[in-house]
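# Working through the structure, step by step
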Amino acid sequence: MTRVIDLHAHVVLEAAFETAGPYGPRLVERDGVDEFSVGDYRMRPCPYRTSVFMDVDARLRLMDRLAIDLQLLSPNPLTFLGGIEAEPAVAHARATNEAMAELVARHPDRLLGAAALPLQDPSAACAELERATGELGLIAAYCGTDYGFGLDDARLDEVYGRLVELDVPLLLHPATNDGDAAITDPRLRRFGLDLVLGYAYEETMAVASLVLGGVLERHPDLDVCISHGGGAIAFLAHRFDQMGGFLRDRVGVDQPDLTPSLRRLWYDSHVGHGPARGLVADAVGTERMVFGTNLGGWDTPTSTDAFDASLTPNAERLLRLGDQERP
């Protein structure tokens, strides 16, 4: 079987703890239980230290068990810090990227690294992107979906333009906190809805913002990958187009159809085997899908299959991996 490349794998970096001022992040033991905190957000029990998120040997063993040959590591979504001030966000992104570069340098045949960007300060994000990719050797940018303004906000054009200039892909993933407190809608705090429905909401919003907000028109060479198959976008694409027709015909708003542009984005396949994966493939095509696992998380797959391996050429294109970078 062709080698398998995983583009959805988070890591927790101890060297970046306590670098965001009052927001931490912190991992401490309280009453015999490990607790992870970011600002006022708390998660316990949280056995990060003994998991693949911090134990790189455990990660490599699990990768071997799942037949994953190469993995792109990305920052922990709990530390995207989208709702905090720029200064601590920038400091944390710099520390995160330095720690990421050090980790992947120890295992260059198995691990690649993506850079955190403090998007609440676009100019600082551009500077950090250049440092992370030019000096530290990271090969992608990895960010959240909510920084207090839409992804189509004009202030982010500076970042998108720099990504294109540097030929670096951007991967987007939601967070369940804003860097200070937990998700604000109390209805999402039950049944794991923050991770299932909350993530899908943010991912769908991201696709709509990038396409309907004109980002892809302003930056036609921008490569953006959305986690979890783009949320609910494959299911809702037809309704988006119906709404576009309604707005054009009845309201006079010149909103384009969504579906024709869906294949200009990239999507990771981490939606589980079965109907959901097929729905995404039917809606966006397999040419822009890449394999992802959330390795070590609650929804880690138990195996890889031929479809997962078939996405490897896509991952190589998205990550700009030539033959010389192959392990």
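Residues numbered from 1 in each chain as written. Predicted model: local features only at pLDDT ≥ 70, side-chain atom pairs only at ≥ 80, totals over all residues. Heavy atoms only, no water.

### Some thoughts on the sheet that holds strand E2 (residues 26-30)
Read across the sheet, 3 strands follow the order E2-E3-E4 without closing on themselves; strand pairing throughout is antiparallel. Here the strands that pair on one side only, and so sit at the sheet edges, are E2 and strand E4 (41-43). The sheet shows a mean angle of 30° between the axes of neighbouring strands, direction not considered. With 5 bridges joining them, E2 and strand E3 (residues 33-38) adopt antiparallel strand pairing. Paired with Arg 30 across the strands is Val 33, a residue of E3. (Pairing = 2+ DSSP bridges. Helix = DSSP H or I, 4+ residues; strand = E, 2+ residues; numbered from the N terminus. Axes fitted to C-alpha atoms, helices over the stretch in contact; angles between N-to-C directions.)

### Concerning the sheet that holds strand E9 (residues 224-226)
Pairing in this open sheet of 8 strands is parallel, and the strands run E1-E5-E6-E7-E8-E9-E10-E11 from one edge to the other. Edge strands, defined here as strands with exactly one partner in the open sheet, are strand E1 (5-11) and strand E11 (289-290).

### Comments concerning the pairing of strand E5 (residues 70-75)
In terms of burial, E5 is a largely internal element, 6 of the 6 residues being buried. Where E1 and E5 come together, 5 bridges link them in parallel fashion. Residue pairing in the sheet places Ala 9 in a bridge with Leu 73 of E5. Direction of pairing for E5 relative to strand E6 (residues 111-116): parallel, over a ladder of 3 bridges. From the neighbouring strand, Leu 72 faces E6, where its bridge partner is Leu 112. (Buried < 20%, exposed > 50% of the residue type's maximum accessible area, 1.4 Å probe, protein only.)

### Re the packing of helix H2 (residues 86-105) against helix H3 (residues 122-134)
Running from N to C, H2 and H3 point in directions that differ by 10°, and their axes come no closer than 11 Å. The angle between H2 and H3 places the two elements in the roughly parallel class. Contacts between H2 and H3 involve Val 90, Ala 93, Arg 94, Asn 97 and Glu 98 from the first element and Ala 124, Glu 128, Arg 131 and Ala 132 from the second. Looking at the contact of H2 with H3 residue by residue, the class counts come to 4 nonpolar, 1 polar and 4 charged. (Parallel < 35°, antiparallel > 145°, perpendicular 65-115°, else oblique. Contact = heavy atoms within 4.5 Å. Nonpolar A, V, L, I, M, F, W, Y, C, P; charged D, E, K, R; others polar.)

### Describing the state of the cysteines
On inspection of all chains with the given rule, the structure shows 0 disulfides. This cysteine, Cys 225, is not joined by any disulfide, and Cys 143 carries the nearest cysteine sulfur, 13 Å off. (Disulfide = S-S within 2.5 Å.)

### Things to note about the packing of aromatic side chains
Each aromatic ring pair is characterised by the separation of its centres together with the angle its planes make. Per the counting criterion, the structure on display carries 4 aromatic pairs. Geometrically, the ring pair formed by Phe 17 and Phe 36 is tilted, given 6.2 Å between the ring centres and 55° between the ring planes. You can see Phe 17 sitting in the loop between E1 and E2 and its partner Phe 36 sitting in strand E3, a full 19 residues away along the chain. Among the residues examined, Phe 17 registers a relative accessible area of 13% and is labelled buried. On the basis of an interplanar angle of 35° and a centroid distance of 6.2 Å, the ring pair of Phe 80 and Tyr 142 is categorised as tilted. Of this pair, Phe 80 sits in the loop between E5 and H2 while Tyr 142 sits in strand E7 (residues 140-143), and the two are 62 residues apart along the sequence. Here the aromatic cluster, defined as three or more aromatic residues joined through ring pairs, consists of Phe 17, Phe 36, Tyr 48 and Phe 53. The positively charged end of Arg 155 is found above the aromatic ring belonging to Phe 149, 4.1 Å away from the centroid. (Phe/Tyr/Trp six-rings, centres within 6.5 Å; stacked < 30°, edge-to-face > 60°. Lys NZ or Arg CZ within 6 Å of the ring centre and 35° of its normal.)

### Brief notes about the pattern of salt bridges
Tallied over the full model, the rule gives 23 salt bridges. Salt-bridge contacts for Glu 98 lead to Arg 131; the nearest nitrogen and oxygen are separated by 2.9 Å. Pair noted here: Glu 98 is in helix H2 and Arg 131 is in helix H3, with a separation of 33 residues, a long-range link. Close ionic contact of Asp 167 with Arg 320 constitutes a salt bridge, the shortest N to O distance being 2.8 Å. Residue Asp 167 is located in the loop between helix H4 (157-166) and strand E8 (170-172), and its partner Arg 320 is located in the segment after helix H10 (312-318); the two are separated by 153 residues in the primary sequence. Its relative accessible area of 45% is what places Asp 167 among the partly exposed residues. (Salt bridge = Lys/Arg side-chain N within 4 Å of Asp/Glu carboxyl O.)

### Examining the pairing of E3
From the end of E2 to the start of E3, which pair antiparallel, there are 2 residues, and Asp 31 there has a positive phi angle of about 55°. Counting the residues that bridge the hairpin from E3 to E4 gives 2 residues, and of these Gly 39 lies at a positive phi of roughly 60°.

### A few points about the side chain of Glu 202
Residue placement: Glu 202 occurs in helix H5 (residues 193-212). Of the side chains bearing the opposite charge, Arg 187 lies closest to the buried Glu 202, which forms no salt bridge; the N-O distance is 12 Å. A distance of 2.8 Å separates a polar atom in the side chain of Glu 202 from a polar atom in the side chain of Thr 145. The contact partners of Glu 202, leaving out residues within four places of it in the chain, are Thr 145, Asp 146 and Pro 174. (Lys, Arg positive; Asp, Glu negative; His and termini not counted. Polar contact = N/O pair within 3.5 Å; in protein donor to acceptor, adjacent residues only side chain to side chain.)

### With respect to unusual backbone geometry
Along the chain, Gly 24 connects to Pro 25 via a cis peptide bond; the corresponding omega equals -10°. Residue Pro 45 is reached from Arg 44 by a cis peptide bond, and omega for that bond is -5°. Checked against the element boundaries, Pro 45 lands in the loop between E4 and helix H1 (56-65). For Glu 18, which is not glycine, the phi dihedral falls at a positive 60°. Secondary-structure assignment places Glu 18 in the loop between E1 and E2. The residue Phe 191 is not glycine, and still its phi comes out positive at about 60°. Look at Phe 191 and you get exposed, because its relative accessible area is 64%.

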